[in-house]
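What follows is each chain in one-letter form.
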Amino acid sequence: PEDTVTSSFASFIHGARPDHLSKTVQHRSKRMILDSIGVGLVGSTTHVFDIALRYCRLYSPVAVSSVYGKPGVKLSPTLAAFTNGVATHSMDFDDTWHPATHPSGAVLPALLAASQMLPPSTKPTGIDFLLAFNVGLEVQGRLMHFSTEAHDIPKRFHPPSVVGTMGSAAATAKLLSLSRAQCCHALGIAASLAGAPMANAATQAKPLHIGNATRLGFEAALLAARGMEANPFILDDIPGCSGFSAFYGVYHPKPLPAPGDHHEFLLEKQDIAFKRFPAHLGMHWVVDAALSVRNLFVHYAGSFSPALIRTIMLKIPVSKYINRPFPSSEHQARHSFQFNACAALLDGEVGLGSFTESSIHRQELRELLDKVVVEHPEDNVANFDKMYGEVALLLHSGDVLTGKCDTFYGHWRKPLSKESLLKKFRSNASHVLPEEKIETIITTVDNLENLSDSSQL
């Protein structure tokens, strides 16, 4: 079929060219790639990554693709993508877009593995790699815009497990130079491999959502390349037979315009959010609000003295899976408004060390958690573009100190500076790589569009 939403996406994937990438899109996507690699490298030090790697090494006879943080260890391409995807989301430290998803982690590991899989005569260049990466982002963003409910913090499906799988299929289909028909089938196959429930948020299973998205989208493209077919209307809204609309209650698909002489990627109009510490994006609002009110409190009392606090009032949006009064594990703590606010108050910062077992179970932190009361103002909606965080300290003296954050540093409205992004990358990568290799990665990504062989990355 020529005039369908699905065929328009296939035409876009097949027809997109490097010259469609503006300087802004190249710049922003290279920042995403660098950050995602750093997050994956530090993620390779986690327990959940070790579990995934041990599992994959049981089933990897064709070992050609590299694994984050493990020099000399290689896996089969799809299992390398899976393992690196798990690493990327193991600490919930990866980038976030709007409508809400984690776009880079669902695409980058598949492209890295695929670039190593291809024979020397067909290695994609750096600009080919950048184009495929942006095709994967574009497909994710367009699909999320088909549903108004996707704009809010999710309740049913974890977005990267849904749109991320489709983005990975699109990106790898582009990198592998699939035909227009094969691109269409890759999307259809990927739709049958997509989806994970939000109930597994704040558990060790949540990083699997990213690992599966990047791996299964990759597999969908490989299956399509070998002749497997799927429903050619998978993205269309066909009454009585749900395709991709099965993931959303409200679904209004629109064709994706053909690239032609010019195409404005969504990344041109909508920048990305980079996290300063490893926790759910919503935590960044309450942490910045807590740090603000902590400064007021120190000025007021001379030091941070928890004994002077009667009540800690949090004004946050309604979102059940990140409203966790007393988290008992690192993954629960990364998804707890209460924990992150109290950790910021107590320590004056939130970082990697905030989520260790010893930090989570500190007596002084538990005493602060006991003082937390939550309110859900009607104007504070569960939407990463509109929400805010407010932390008020009600003191025994009767005084009230308040901190509020409408836009945290790192949000797309307040992007991380180049210096801050590099500082984060160097800090993350230093857990597994020596300084010279860290600087080589920075230089390579910065000049990615000029790289003759993207597998060097």
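This is a predicted model, so every value here is computed, not measured. (Residues numbered from 1 in each chain as written. Predicted model: local features only at pLDDT ≥ 70, side-chain atom pairs only at ≥ 80, totals over all residues. Heavy atoms only, no water.)

Here's the deal with the overall build of the protein chain
For the protein chain, the helix and strand inventory stands at 17 helices and six strands. Computed over its C-alpha atoms, the radius of gyration of the protein chain comes to 22 Å, within 12% of the 23 Å expected for a compact globule of 457 residues. Dimensions along the principal axes, computed over C-alpha positions, put the protein chain at roughly 70 × 55 × 40 Å. Taking all 457 residues of the protein chain together, 60% fall into the buried category. Look at the contacts in the protein chain between residues 6 or more apart in sequence, and 77% of them connect residues 24 or more apart. When the accessible surface of the protein chain is split by element, carbon and sulfur atoms take 53% of a total near 17,500 Å². (Helix = DSSP H or I, 4+ residues; strand = E, 2+ residues; numbered from the N terminus. Rg over C-alpha atoms; globule rule 2.2 N^0.38 Å. Buried < 20%, exposed > 50% of the residue type's maximum accessible area, 1.4 Å probe, protein only. Contact = heavy atoms within 4.5 Å. Areas by Shrake-Rupley, 256 points an atom, 1.4 Å probe, with all protein chains shown as cover.)

Describing the packing of helix H5 (residues 108-117) against helix H9 (residues 206-225)
Across the interface, H5 lies against H9 with an axial gap of 8 Å and an inter-helix angle of 45 degrees. The pairing of H5 with H9 is recorded here as oblique in orientation. Here Pro109, Ala110, Ala113, Ala114 and Met117 of H5 come into contact with H9, specifically with Thr214, Phe218 and Leu222. Of the residues assigned to the contact of H5 with H9, the class counts are seven nonpolar, one polar and no charged. (Axes fitted to C-alpha atoms, helices over the stretch in contact; angles between N-to-C directions. Parallel < 35°, antiparallel > 145°, perpendicular 65-115°, else oblique. Nonpolar A, V, L, I, M, F, W, Y, C, P; charged D, E, K, R; others polar.)

Description of the pattern of salt bridges
Following the criterion strictly, the structure yields 15 salt bridges and no others. Within the structure, one salt-bridge network assembled from shared partners comprises Asp92, Lys206 and Lys275. (Salt bridge = Lys/Arg side-chain N within 4 Å of Asp/Glu carboxyl O.)

Observations regarding unusual backbone geometry
The residue after histidine 98, namely proline 99, is reached through a cis peptide bond having omega -5 degrees. Along the chain, proline 99 turns up in the loop between helix H4 (77-89) and H5. Residues other than glycine seldom take positive phi values, yet serine 177 does so here, at roughly 60 degrees. Although it is not a glycine, alanine 202 sits at a positive phi angle of roughly 65 degrees. Note that alanine 202 resides in the loop between helix H8 (180-191) and H9.

Thoughts on the UniProt feature "domain: MmgE/PrpD C-terminal" (unreviewed entry) in the protein chain
The positions that UniProt labels "domain: MmgE/PrpD C-terminal" (unreviewed entry) are, in the present scheme, residues 277-449. Note that residues 277-449 is 40% helix and 14% strand, and that its end C-alpha atoms are spaced 29 Å apart. (UniProt positions renumbered as here; feature names shortened; annotations may be inferred.)

A short note on the packing of aromatic side chains
In this description, a pair of aromatic rings is defined by centroid distance and the angle of the planes. Taken as a whole and assessed by the stated rule, the structure comprises 13 aromatic pairs. The interplanar angle of 80 degrees and the centroid separation of 5.8 Å between the aromatic rings of phenylalanine 146 and tyrosine 251 together place this pair among those described as edge-to-face. Pair noted here: phenylalanine 146 is in the loop between helix H6 (126-144) and helix H7 (159-175) and tyrosine 251 is in the loop between H9 and helix H10 (266-269), with a separation of 105 residues, a long-range link. In this structure, phenylalanine 146 and tyrosine 251 share a single accessibility class: buried. Aromatic rings pair up to connect Phe9, Phe146, Phe157, Phe244, Phe247, Tyr248 and Tyr251 into one cluster. A cation sits over an aromatic face here: arginine 215 above phenylalanine 82, 5.7 Å from the ring centre. When the ring centre of tyrosine 388 is taken as reference, the NZ or CZ atom of lysine 404 above it lies at 4.2 Å. (Phe/Tyr/Trp six-rings, centres within 6.5 Å; stacked < 30°, edge-to-face > 60°. Lys NZ or Arg CZ within 6 Å of the ring centre and 35° of its normal.)

Quick look at the pairing of strand S6 (residues 400-405)
Burial of S6 is one-sided: the residues Leu401, Gly403 and Cys405 facing one way are buried, the residues Val400, Thr402 and Lys404 facing the other way are not. Relative to S6, strand S5 (residues 389-395) is paired through six bridges, and the arrangement is antiparallel. Across the sheet, leucine 394 pairs through a bridge with valine 400, a residue of S6. Counted between consecutive antiparallel strands, the loop separating S5 from S6 contains four residues, among which glycine 398 sits at a positive phi close to 100 degrees. (Pairing = 2+ DSSP bridges.)

Overview of the sheet that holds strand S3 (residues 309-315)
Strand pairing in a sheet relies on backbone hydrogen bonds, with the paired strands running either antiparallel or parallel. One open sheet accounts for four strands, arranged S4-S3-S5-S6; its pairing is mixed. Here the strands that pair on one side only, and so sit at the sheet edges, are strand S4 (372-375) and S6. For this sheet, the mean inter-axis angle between neighbouring strands, taken without regard to orientation, is 20 degrees. Its contacts with the sheet put helix H13 (residues 337-347) on S3, S4 and S5, and the angle it makes with S3 is roughly 130 degrees.

Some details on the environment of leucine 208
Relative to the helices and strands, leucine 208 is located in helix H9. Along the sequence, leucine 208 and glycine 85 sit 123 residues apart, while their C-alpha atoms lie 7.6 Å from each other. Leucine 208 has contacts with Phe82 and Val86, leaving out every residue within four places of it along the chain.

Observations regarding the nonpolar core
Counting 97 residues, the largest nonpolar core has Leu235 and Phe244 as the members making the most contacts within it. The contact partners of leucine 235, leaving out residues within four places of it in the chain, are Val5, Thr6, Phe9, Leu143, Met166, Leu187, Phe244, Tyr251 and Pro253. Core analysis: the next-biggest nonpolar cluster, separate from the first, contains 49 residues, Ala100, Leu281, Val286 and Ile322 among them. (Core = buried A, V, L, I, M, F, W, Y, C linked by side-chain atoms within 4.5 Å.)

Describing the domain arrangement of the protein chain
Splitting the protein chain by domain gives domain 1 (5-276 + 415-456) and domain 2 (281-405). Here domain 1 and domain 2 have C-alpha centroids that lie 33 Å from each other. Each partner contributes residues to the interface: domain 1 has 22 residues there, and domain 2 has 18 residues. Buried surface at the junction of domain 1 and domain 2, both sides included, amounts to about 1,800 Å², of which 63% is carbon and sulfur. Of all residues in domain 1, Ile153, Ala202 and Arg276 bury the most surface against domain 2, accounting for 37% of the area lost on that side. Our count for the domain 1 to domain 2 interface comes out at seven residue pairs in polar contact (both at pLDDT 80 or more). When its residues are assigned to classes, the side of domain 1 that touches domain 2 shows 10 nonpolar, seven polar and five charged. (Domains from an automatic or database assignment. Buried area = accessible area lost by both parts, 1.4 Å probe. Polar contact = N/O pair within 3.5 Å; in protein donor to acceptor, adjacent residues only side chain to side chain.)

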